[in-house]
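An overview of the molecular structure
The primary structure of each chain is shown beneath.
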Amino acid sequence: MPNAILDPTGTVTSSAKPAAPRAARPASLKGARVGLLINTKQNAAPFLHEVGRLLVENYGVASVTERTKLNFAVPESEEVIKELAADADVIVTGVGDCGSCSAAAAADGVVLEAAGLPTAVIVTTSFRATTEAMAELRGAPGFPYATTEHPVAVLTQDKVKERAALVLDDVVALLTDTAAKQA
């Protein structure tokens, strides 16, 4: 008998749920409103601010708004998800630099997608297994996400910006319909 996967956020979920839906993707980010869902981990805010800045500069994003999580280890409430949906067309969240924040980022991503918001979740390479386990637990096996090298918390501001630039193409691919771009 396989081992059970426990949800470290304390919420109860059932494996009997249908597969979590994915939001429809825009063909491009031109004119899009990007929401940044920032956890409170060290360097997460400057990392995501740089991703937002680069999306505006390189992809024609119209605006970037942000929301900071109250607790990096707990998925956001339904109320916060609704607020994000009202303020943004797509969401970028992370940076998962620990097990619980990576799990929570994956949980947020699955819920945001179900709410109709294309979401790019960014975690560090050390927490792929945690991210994948939480996505599967939330009904989204194979949930796509972006990675950056671990760690992020100890990086200088220049290195944070460098890492954000390196993950940018993956973020754009997660947020947009790559099939529409190739057509």
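First, a word on what this report is: a plain description of the structure on this page. (Residues numbered from 1 in each chain as written. Predicted model: local features only at pLDDT ≥ 70, side-chain atom pairs only at ≥ 80, totals over all residues. Heavy atoms only, no water.)

**Thoughts on the environment of Thr-148**
- With respect to the element layout, Thr-148 can be found in strand β5 (residues 146-148).
- Each C-alpha atom, one on Thr-148 and one on Thr-125, is 6.0 Å from the other, the two residues being 23 residues apart in sequence. (Helix = DSSP H or I, 4+ residues; strand = E, 2+ residues; numbered from the N terminus.)

**Details of the sheet that holds strand β3 (residues 90-96)**
- If you walk across this open sheet you meet the five strands as β2-β1-β3-β4-β5, and the pairing is parallel. Edge positions in the open sheet fall to β2 (63-68) and β5, since each of these has one partner strand only. Pairwise comparison of adjacent strand axes, ignoring direction, gives a mean angle of 20 degrees for this sheet.
- With three bridges joining them, strand β4 (residues 119-124) and β5 adopt parallel strand pairing. Residue pairing for β5: Val-123 is matched across the bridge by Thr-147.
- Lying over the sheet, helix α1 (residues 44-59) contacts β1 (33-38), β2, β3, β4 and β5, oriented at roughly 145 degrees with respect to β3. (Pairing = 2+ DSSP bridges. Axes fitted to C-alpha atoms, helices over the stretch in contact; angles between N-to-C directions. Contact = heavy atoms within 4.5 Å.)

Scope: geometric values only; no functional claims are made or implied.
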